[in-house]
Amino acid sequence: MARETLRLNHRDNVFVERLDWKDEKGYIPLIERYGHFDLIIASDVVYLDELFEYIWKTIDFFLKPNSKHVVMTHTVRTLSFTERFLDIGKKAGYQRQDMVVGDLANILDAHSDIIHHPLAITDHRLWHFEKN
């Protein structure tokens with residue numbers, strides 16, 4: 001579905017790849033193809049608590065060593081669910097900062113060479129994480 005949406009919108013500079021949070025061996029061909037990333041933007045990846053540690057490991061794997069920005073949006077399901085995810089992220093070295101859309105604009109401006117279209121933020125919680 002994502003590939004078809006990109007095709008219909010003539011976005012030939014955006015790539016979609018299947019990613020299994022638990023299959024670290026599957027990350028290697030993606031790193032070989034695309035390299036590591038300066039910025040990771042994730043939306044609606046926080047939905048199963050048994051995947052929380054895998055999500056943070058995946059982010060660590062794909063983020064460039066000298067980069068530290070992760071922008072994440074997700075629907076808040078329960079407070080305990082969200083706190084558990086944040087706690088695991090903190091243990092992985094990521095400090096959460098609540099954001100407003102203006103803060104996001106500043107981060108995205110710093111990466112304007114790769115981000116050319118505004119993001120639509122709806123009823124999601126918006127967070128910025130910085131790697132220690």
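Anything mentioned here points back to the structure above.
Report on the accompanying structure.

Procedures and definitions
Residues numbered from 1 in each chain as written. Predicted model: local features only at pLDDT ≥ 70, side-chain atom pairs only at ≥ 80, totals over all residues. Heavy atoms only, no water. Helix = DSSP H or I, 4+ residues; strand = E, 2+ residues; numbered from the N terminus. Buried < 20%, exposed > 50% of the residue type's maximum accessible area, 1.4 Å probe, protein only. Contact = heavy atoms within 4.5 Å. Areas by Shrake-Rupley, 256 points an atom, 1.4 Å probe, with all protein chains shown as cover. Core = buried A, V, L, I, M, F, W, Y, C linked by side-chain atoms within 4.5 Å. Pairing = 2+ DSSP bridges. Right-handed = clockwise from strand over helix to strand, strands pointing away. Polar contact = N/O pair within 3.5 Å; in protein donor to acceptor, adjacent residues only side chain to side chain. Phe/Tyr/Trp six-rings, centres within 6.5 Å; stacked < 30°, edge-to-face > 60°. Lys NZ or Arg CZ within 6 Å of the ring centre and 35° of its normal. Expected span 1.5 Å × (residues − 1). Arc of directions from axis to C-beta. Axes fitted to C-alpha atoms, helices over the stretch in contact; angles between N-to-C directions. Parallel < 35°, antiparallel > 145°, perpendicular 65-115°, else oblique. Left-handed = near helix turned anticlockwise from the far one by under 90°. Nonpolar A, V, L, I, M, F, W, Y, C, P; charged D, E, K, R; others polar.

Some points on the overall build of the protein
Per the secondary structure count, the protein includes five helices and four strands. Buried residues in the protein amount to 31% of all 132 residues. Contacts in the protein between residues at least 24 apart in sequence constitute 79% of all its contacts with a sequence separation of at least 6. Only carbon and sulfur atoms are counted for the fraction: they give 52% of the accessible area of the protein, which is about 8800 Å².

What about the nonpolar core?
In this structure, W56, I59, V70, M72, F85 and F129 are the most contacted members of the largest nonpolar core, which totals 23 residues. Going through the elements one at a time, α2 (27-34), β1 (39-43), α3 (52-62), β2 (69-74) and α4 (79-91) are the ones with two or more residues in this core. When neighbours within four sequence positions are excluded, F129 is seen to be in contact with W56, K68, H69, V70, M72, F85, L86, Y94, Q95 and R96.

Observations concerning the pairing of β1
By the bridge criterion, five bridges tie β1 to β2 in an arrangement that is parallel. Looking at the pairing, S43 lines up with T73 of β2. The handedness of the β1 to β2 crossover, carried by α3, is right-handed.

What about the side chain of S67?
Residue position: S67 is located in the loop between α3 and β2. Taking the relative accessible area as the measure of exposure, S67 reaches 11% and is therefore buried. In this structure the side chain of S67 is engaged in a polar contact, spanning 3.5 Å, whose partner is the backbone oxygen of D38.

Structural notes on the packing of aromatic side chains
Counted according to the given criterion, the structure contains eight aromatic pairs. Ring centres of F61 and F62 lie 5.5 Å apart, and the angle between their planes is 75 degrees; on these two criteria the pair is classed as edge-to-face. Residue classification places F61 among the partly exposed positions, given a relative accessible area of 28%. The residue whose ring lies beneath K57 is Y54, and the NZ or CZ to ring-centre distance is 5.9 Å.

Things to note about α4
Between the first and last C-alpha of α4 there are 18 Å, a value that for 13 residues agrees with the 18 Å anticipated at 1.5 Å per step. Buried residues of α4: F81, T82, F85, L86, I88 and G89, and no others. All buried residues of α4 fall inside an arc of 160 degrees around its axis, so they share one side. Opposite the packed face of α4, turned more than 90 degrees from it, sit the exposed residues L79, S80, K90 and K91.

A closer look at the packing of α2 against α3
Contact geometry of α2 with α3 gives a least axis separation of 11 Å together with a crossing angle of 30 degrees. One finds that α2 runs roughly parallel with respect to α3. The two elements α2 and α3 cross, and the hand of that crossing is right-handed. Residues Y27, I28, L30 and I31 of α2 touch α3, and the partners they reach there are Y54, T58, F61 and F62. Class assignment for the residues of the contact of α2 with α3 results in seven nonpolar, one polar and no charged.

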